[in-house]
Each structure stands twice: as structure tokens, then as C-alpha cells.
Amino acid sequence: HKGEILAMANYPTFDPNSHKYYSNAKKRNRTITDVFEPGSTQKLFTAAMLLQENLKRPNDIVFCEQGRYKIYDRYFRDTKAYGWMSFRRVFEKSSNIGFIKLSEPLNRNRFFKYLKQFGFGSKTGVGLAGEATGLLEPPNNWSGVSKASISIGYEIGVTALQLATAYSAIVNGGYLYRPYVVKAKQAPDGSLSSMYEPLAVRQVLSKEACDILRSFMKGVVEEGTGTAAKPASIEVGGKTGTARKYNKQTGEYANNRYRASFVGFAGYENPRYVCAVIIDDPDKGRYGGQVAAPAFRNIIQRIMYIEGHERPDKQAVSDKLQYVQNYKELPSLNGFDIKSARQLLDAKGYQYRIKGNGSTILSAWAKNEIMVLQTGEDRVHLTRMPDLKGLSKREAMSRIDFSKLKVLIKGQGLTVQSQSIEHGQVLKNRKQVVLTCR
């Protein structure tokens, strides 16, 4: 939660060894390039401003109308008529009307300043190519409903990384840190040529305000819209988000297209991780609490249990999970030749035993603190010529049946551009195939 990016994933994904077969849309890093309206996950920052400016207290109450609220010519709606609720409960239930009414005392210039302080409308400085700045118009460009819209996550564009970074500022006690991916650079002689340390950019909130906001987020998963985000035996907090998608062609928000999200942290007393899950056009369900919250729960469970956190059930830990828990610093041994695997395990002082008589490790697991290496012959058997075009030389070689093919490589490149035997041709006798690499 101090800026270290431990994981960054996109789906659908692509194979970088065959990148020419994928569109640019599938190859971009959506966590830093895609700008979207966050919806209710933005309410955390509206709540932060209200608390920091002493405009509202957690138990202040507000009347959330009967499901809709009109400002000028626009109606804002809730999923149900909530009536009277406290500020804390408005956050837990994610009432749009409640937040709009609570934020009425906020000065628009002050509101804008806080959003900039949280990093919105600016690059995070992560150092990755293609990062977007997001969208945050200055107050003199706001309409009469802009402040209300922004308070609930519309009329503002953010990236997933901006959102996670801003949440981290609240989780860690009010300090905004620059996110970073690379921790160190190692020179050929093994020395570290440069180190990257956590860098606090600015203090955004007081610790007292952050403590209240963390309790708000805990309430969301305990009895609010994010109960599906709660793992067993791990204390977490977070905020759900559901935003209707804007249709640029019609100039209106679609009634059947959504972006669901959940941003949260774990554990509660000593926060260690912040995780943002953004789902574009979910197939099953539309609310962040339905589709993004369960994904957050699964991610946090895997991370915390790998690190030795108590499991929620009393069943024996599976061999595979035990392997991950006890030997997580090892690379996957699948595909290693047995000699290399033995050298690695001997060097690290692990006990192991070998099953089978092959020269290649087909699978590896831990049982009773002893590594078990299942060996065999991991050979490719082909009846037809595979399509190797676009693959790296290494991957292409791994897909060749050397009992059927003799390989001649032309060119000094790393990627296969052409092959002398056409894809799909039947392989009866051993033939020579020429792979041209560029």
C-alpha cells in the first residue's frame, strides 16, 4: 500500500510470442491506458473531503428521498427508496441521493483541489508507456449538475491505477505514494545498480479522517453492498461501484451496459494490500457487489493464504497449495530437466524424492515437507506439420517432433517468419523443415 505494484493483469490476454495475431486493443495495458467513469468507487473521496473539512460527521443523517432526486433538469436515482440514513449508512448502502445531498456544502473549487491532490487528472508517474492522465475538468467548465455528478463518480475519468493509488493513500493514513513496478536494477556482476524505494508525493488527509474512512469501508463488506467481497477469517474493507456506460454516438448513458468495480484492502488493523477489480460489460449481473467483489475476495484469499494466513476451513491443505505456501520462492519446476532441478534444490537445501525414470519433470509438489518430482519424457508427437509462424524460436522448437523433423534455421532474428513445410501437411517420414527467422 506504499506504491509497490505486486500484480497488474488484463483479460482477455494475449501471447506476446504471437503478438501479430492480436489487435492493438487486446495488447494494451488497460490498467493504465483505459479511462472510465468510476461510479460509486469515487464516493470514498467525496466522503474523505466531507470528513477532512469537518462538514459532516459519521452519524449525521440525511433524507434520501423516495428513490429519485432532481437537480435542475436532471433526475438522480437510487436502486431503492432508502429514506433517512446516517452518513456512514449512506456510504455502506452507496446511496447516490444521499451523497449528492451530503456534498451540497462542498465548495466546487475546494472539491476540485482535493481530487487533484488525490492524483486525478494527472499521470501517476508509474513509468510505464501509454499511461493516460484521466479526465478532470476545471470548475469553470462545470455545469450546474457537475458537482453532484462527480460526487457519485460521473463526469470524471480515471484509470484503474489512479483509483488504486488514491485508495492506497487513504488506507496508509493519508499519504499519496508514487506507484512503481521495478524495485531494483541488477548489473551483470550481480551488484544492484539502482534501487526504487517508496516515494511519498504528498499528504492528502489526516490520519483521523483515514481511520473513519477505513471503518466505512469495513462496513461495506460487513453489512453493505460489498458482502460478497469478504473472505472467511480475513478482515477487509472496500467500496463497490456500478457505472452506466456513456454512449458517445447517442450522447446518453446506456440502460443495459455497465462497468462494475470493487476497490478494497486487506487486512484491517495492519493494511498490506490494496486491490482494484474493474469489469467492463459483465455478462452475469451488473453491480460491482455481484461481479467484482467476489473476484476481489478470491484474489485476497489466495494472496493471504499463500503467506501463511490461517485458512477458513479445517480441511487439509492440498499438496499443490502446500507446495505454493512452503516453496513460493522457487520457480515452477515443470519442464525442468531432472539434473537442473536437482542442482537447484540441492543449492537451496530442500529435501526431495524422484518418481519415475524420465529426464524431464512433468509435475512437482510438496508432501510432508519433502518435494516430490514426477519425471517422464515430455516429448512432442506430431502427425501433421504445426503452424510455427509468428512464434519465437524457442517456442517453435518446443512444438517440434524431432523424430519427424530435422530443423534448419535461417536468419538471425528471434521470430519465425516462414516455414518450408506448410501447416497441416502430413508427416510420414522424417523431413527437413527450414525456419526463416527475422
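Scroll up for the structure.
Residues numbered from 1 in each chain as written. Predicted model: local features only at pLDDT ≥ 70, side-chain atom pairs only at ≥ 80, totals over all residues. Heavy atoms only, no water.

Glancing now at the pattern of salt bridges. Between side chains of opposite charge, pairing is possible as soon as their charged atoms come close. A full pass over the atoms with the stated rule returns 17 salt bridges. One salt bridge in this structure joins Glu 235 and Lys 218, with 2.8 Å as the shortest N-O distance. Taken together, the residues span a long stretch of sequence, with Glu 235 in the loop between helix H9 (207–223) and strand E9 (236–247) and Lys 218 in helix H9 at a distance of 17 residues. Taking the shortest distance from any N to any O, the salt bridge between Asp 387 and Lys 389 comes out at 3.2 Å. A relative accessible area of 30% means that Asp 387 is categorised as partly exposed. Taking the relative accessible area as the measure of exposure, Lys 389 reaches 29% and is therefore partly exposed. Connected through shared salt-bridge partners, Lys 245, Arg 257, Arg 259, Asp 280 and Asp 281 make up one network. (Salt bridge = Lys/Arg side-chain N within 4 Å of Asp/Glu carboxyl O. Helix = DSSP H or I, 4+ residues; strand = E, 2+ residues; numbered from the N terminus. Buried < 20%, exposed > 50% of the residue type's maximum accessible area, 1.4 Å probe, protein only.)

Running from N to C, helix H8 (residues 160–171) and H9 cross one another at 115°; their axes reach a closest spacing of 8 Å. Where H8 approaches H9, its residues Tyr 167, Ala 169, Ile 170 and Val 171 are matched on the opposing element by Cys 210, Leu 213, Arg 214 and Met 217. (Axes fitted to C-alpha atoms, helices over the stretch in contact; angles between N-to-C directions. Contact = heavy atoms within 4.5 Å.)

Okay, the side chain of Arg 214 next. Along the chain, the position of Arg 214 falls in helix H9. Beyond its immediate sequence surroundings of up to four residues, Arg 214 is in contact with Ile 170, Val 171, Phe 265, Tyr 268, Glu 269 and Pro 271.

Here we come to the packing of aromatic side chains. The tally for this structure, following the rule as stated, stands at 14 aromatic pairs. Consider the rings of Phe 45 and Phe 118, whose centres lie 4.9 Å apart with planes at 55°: the pair is tilted. Here Phe 118 lies in the loop between helix H6 (108–117) and helix H7 (146–151) and Phe 45 lies in helix H3 (residues 43–52), a separation of 73 residues in the sequence. Given a relative accessible area of 1%, Phe 118 falls into the buried group. Their ring planes at 70° and their centres at 5.1 Å tell us that Phe 45 and Phe 120 sit as a pair that is edge-to-face. Here Phe 45, found in helix H3, pairs with Phe 120, found in the loop between H6 and H7; they are 75 residues apart in sequence, far enough to count as distant. Judged by its relative accessible area of 0%, Phe 45 is buried. We classify Phe 120 as buried; its relative accessible area is 0%. An aromatic cluster is present here, built from Phe 45, Phe 118, Phe 120 and Tyr 167 joined pairwise through their rings. Across from the ring centre of Tyr 268, 4.7 Å away, lies the NZ or CZ of Lys 218, which sits over that ring. (Phe/Tyr/Trp six-rings, centres within 6.5 Å; stacked < 30°, edge-to-face > 60°. Lys NZ or Arg CZ within 6 Å of the ring centre and 35° of its normal.)

Take unusual backbone geometry next. Put simply, Tyr 11 and Pro 12 share a cis peptide bond, and its omega is 0°. Within the secondary structure, Pro 12 is located in the segment before helix H1 (24–27). Omega for the bond connecting Ala 266 with Gly 267 falls within 30 degrees of zero, at -20°, which places this linkage in the cis form. By the secondary structure assignment, Gly 267 is in the loop between strand E10 (252–266) and strand E11 (273–280).

By themselves these figures say nothing about function.
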